[in-house]
Amino acid sequence: MAAVPAPFTALAAREERLLLRILSAVQFTHIMDFMIMMPLGARLMQYFGITPAQFTWLVASYAMAAALAGCAAGFVLDRFDRKNALLWLYGGFAVATLGCALAPNFHTLLVARFAAGAFGGVAGSVVTAMVGDVVPPERRGRAMATVMAAFPLASVLGVPTGLWLAGMLEWHAPFFLLALLSGIVWPLALRALPHVPSHRSN
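Described below are features of the structure shown in this document.

What counts, and at which threshold
Residues numbered from 1 in each chain as written. Predicted model: local features only at pLDDT ≥ 70, side-chain atom pairs only at ≥ 80, totals over all residues. Heavy atoms only, no water. Core = buried A, V, L, I, M, F, W, Y, C linked by side-chain atoms within 4.5 Å. Buried < 20%, exposed > 50% of the residue type's maximum accessible area, 1.4 Å probe, protein only. Helix = DSSP H or I, 4+ residues; strand = E, 2+ residues; numbered from the N terminus. Salt bridge = Lys/Arg side-chain N within 4 Å of Asp/Glu carboxyl O. Contact = heavy atoms within 4.5 Å. Patch = residues over 30% accessible without salt bridge, like charges linked within 9 Å, V, L, I, M, F, W, Y side chains within 5 Å. Areas by Shrake-Rupley, 256 points an atom, 1.4 Å probe, with all protein chains shown as cover. Expected span 1.5 Å × (residues − 1). Bend = angle between axes of the 7 residues up to and from the residue.

Membership of the largest hydrophobic core comes to 31 residues, with the highest contact counts inside it found for Leu23, Leu77, Leu86, Met130, Val131 and Leu193. Breaking this core down by element, the ones donating at least two residues are α1 (13-35), α3 (52-73), α4 (82-102), α5 (106-134), α6 (137-148) and α8 (172-192). Here this core takes eight residues from α5, the largest share from any one element. Among the nonpolar cores identified, the runner-up in size contains 20 residues, and Ile36, Phe55, Phe106 and Leu109 belong to it.

On to the pattern of salt bridges. What the rule picks out here adds up to three salt bridges. Between Asp33 and Arg113 there is a salt bridge; the shortest N-O distance is 2.7 Å. One end of the pair, Asp33, is in helix α1; the other, Arg113, is in helix α5, with 80 residues separating them in the sequence. Of the two residues examined, Asp33 and Arg113, each falls in the buried class. A cluster of three or more residues bridged by salt bridges with shared partners is formed by Asp78, Arg82 and Asp133.

Another point: the environment of Gly132. The topology assignment puts Gly132 in helix α5. Spatially, the C-alpha atom of Gly132 lies 8.5 Å from that of Met144, the residues being twelve residues apart in sequence.

Next up on the list: the side chain of Lys83. Along the polypeptide, Lys83 turns up in helix α4. Excluding residues within four positions of it along the chain, Lys83 makes contact with Ala189, Leu190, Leu193, Pro194 and His195.

On the surface, Phe75, Val76 and Phe80 cluster together into a nonpolar patch covering about 330 Å² of accessible area. As for its placement among the helices and strands, Phe75 is situated in the loop between α3 and α4.

For helix α7 (residues 150-168), which comprises 19 residues, the first-to-last C-alpha distance of 25 Å matches the rise-based estimate of 27 Å (1.5 Å per residue) to within 8%. Remark: the principal bend of α7, roughly 35 degrees, maps to Gly158, with a proline, Pro160, within the next four residues. Every buried residue belonging to α7 is among Ala150, Ala154, Gly158, Val159, Gly162, Leu165 and Ala166, and all of these are buried.

Quick look at the structure:
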């Protein structure tokens, strides 16, 4: 079997499949976290007594924070090992999502949404970067398709499940579920993801 050329980190087939499943789970949770807000609008406006204009800030804050954090991270992210960066970012996302579930008022929820967007958005970019770093070109298209399948899955399975939980329990429930799923995925990532050294020396 031919060696994988640098800068790729060669993995056995089983390890590569596990890597892609974990990265897909990271994508699934942070995309579902983004998409679940809009369907919860009526419940959140009633619960917090906020206007539709204020609710739009809750929806937009995630994407705005992801964009701003992504621009800032672009200057420094390549200095760090991909695994370490992803673990820190995904851990921050999990804590921020738990903060959303526990938010007692509109302003606290808005801050938590900004934090979730900042951590989750940059984590998503690290996921795609890891696929490029670890998977050789001849399998990268299939690998990227596997990871990107998290987007439609979050729409088809995640959002209805979140709405069902919100209907059965309360609006907090989908965020508690996402925080729980993130808490399960994080130690799996810690154990299974390979270290990918920094691409910059300074």
